[in-house]
Amino acid sequence: MKPRIAVVHGPNLNLLGTREPTVYGTTTLAQIDEQLQRLGEQLGLRVDCTQSNHEGVLVDRIQAMAHDQTRFVIINPAAYTHTSVALRDALAAVAVPFVEVHLSNVHRREAFRRRSYFSDLADAVISGCGGLGYSLALHWIADKLLTKAQT
Ligand code: DQA
């Protein structure tokens, strides 16, 4: 069975493509998810993508990972990065390793975006590489899982 990787997108990321294109680019979320599905097939990973604008829905999705064999999470918590103890606690509770991804470089923007409730728990953080950041995260996870399988 292929290792299962969950991709979780937070609020307003459904608007990618038209949302502040100078900050977030013109690639849509559907295009990012398609690229990840294709890459997952090449790397031998099963990729499940979810987006929600609702914190509780995202908490429920993360809680489900305790029972659905998810091996790794790629999460862009979007605005919840800077506010959500609930999402942080959910990730800590299920204890599935995760990569935090941001399309923009959050450190080059407003001061409030520099605080993340996730980075100190994350295995890796990618910020400022646009949509490519998700693919980089998937490559890194594939490498990590493969190395683990060999040791
Ligand atoms: C974001 C950065 C956040 O500060 C912002 O609220 C987002 C997107 C990013 O991908 O760059 O919605 O996570």
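Residues numbered from 1 in each chain as written. Predicted model: local features only at pLDDT ≥ 70, side-chain atom pairs only at ≥ 80, totals over all residues. Heavy atoms only, no water.

Engineer: What is the right way to look at the overall build of the protein chain in this model?
Structural biologist: In terms of helices and strands, the protein chain carries 5 helices and 5 strands. Put simply, the protein chain runs from its N terminus to its C terminus through helices and strands in the order β-α-α-β-α-β-α-β-β-α. Taking 2.2 N^0.38 as the reference for a compact globule, 151 residues should give roughly 15 Å; the C-alpha atoms of the protein chain span a radius of gyration of 15 Å, in line with that estimate. Dimensions of the protein chain, computed from C-alpha atoms along their principal axes, come out at roughly 40 × 30 × 25 Å. A burial count over the protein chain gives 46% of its 151 residues as buried. Look at the contacts in the protein chain between residues 6 or more apart in sequence, and 77% of them connect residues 24 or more apart. A total of about 7700 Å² of accessible surface is found on the protein chain, and carbon and sulfur atoms cover 51% of it. In the protein chain, the 15 positive side-chain charges and the 14 negative ones have mean positions that sit 3 Å from each other. (Helix = DSSP H or I, 4+ residues; strand = E, 2+ residues; numbered from the N terminus. Rg over C-alpha atoms; globule rule 2.2 N^0.38 Å. Buried < 20%, exposed > 50% of the residue type's maximum accessible area, 1.4 Å probe, protein only. Contact = heavy atoms within 4.5 Å. Areas by Shrake-Rupley, 256 points an atom, 1.4 Å probe, with all protein chains shown as cover. Lys, Arg positive; Asp, Glu negative; His and termini not counted. Charge placed at Lys NZ, Arg CZ, Asp CG, Glu CD.)

Engineer: Explanation requested: the sheet that holds strand β3 (residues 70-76) in the structure shown.
Structural biologist: In any sheet, the strands associate via hydrogen bonds between backbone groups, in a parallel or an antiparallel arrangement. Across the sheet, which stays open at both edges, the 5 strands sit in the order β2-β1-β3-β4-β5 with parallel pairing between neighbours. Of all the strands in the sheet, just β2 (46-51) and β5 (124-127) have a single pairing partner and so form its edges. Going across the sheet, the axis of each strand differs from the next one's by a mean of 20°, ignoring polarity. As paired strands, strand β1 (residues 4-9) and β3 are joined by 6 bridges and run parallel to one another. Paired with V8 across the strands is I75, a residue of β3. (Pairing = 2+ DSSP bridges. Axes fitted to C-alpha atoms, helices over the stretch in contact; angles between N-to-C directions.)

Engineer: So what exactly am I meant to see when it comes to the site of the ligand here?
Structural biologist: Around the ligand, the structure places R19, Y24, N76, A78, A79, H82, H102, L103, S104, V106, R109 and R113. Within the side chain of H102, an N or O atom sits 2.8 Å from an oxygen atom of the ligand. In the complex, the protein chains occlude 98% of the 320 Å² of accessible area that the ligand would expose alone. Per-class residue counts for the shell around the ligand are 5 nonpolar, 4 polar and 3 charged. (Near = heavy atom within 4 Å. Polar contact = N/O pair within 3.5 Å; in protein donor to acceptor, adjacent residues only side chain to side chain. Nonpolar A, V, L, I, M, F, W, Y, C, P; charged D, E, K, R; others polar.)

Engineer: What exactly am I supposed to notice about the side chain of R113 here?
Structural biologist: Looking at the secondary structure, you find R113 in the loop between β4 (98-102) and β5. By relative accessible area, which is 17% here, R113 ends up buried. One polar contact links R113 to E110, side chain to side chain, over a distance of 2.7 Å. With sequence-adjacent residues up to four places away left out, R113 is seen in contact with Y24, H82 and V106.

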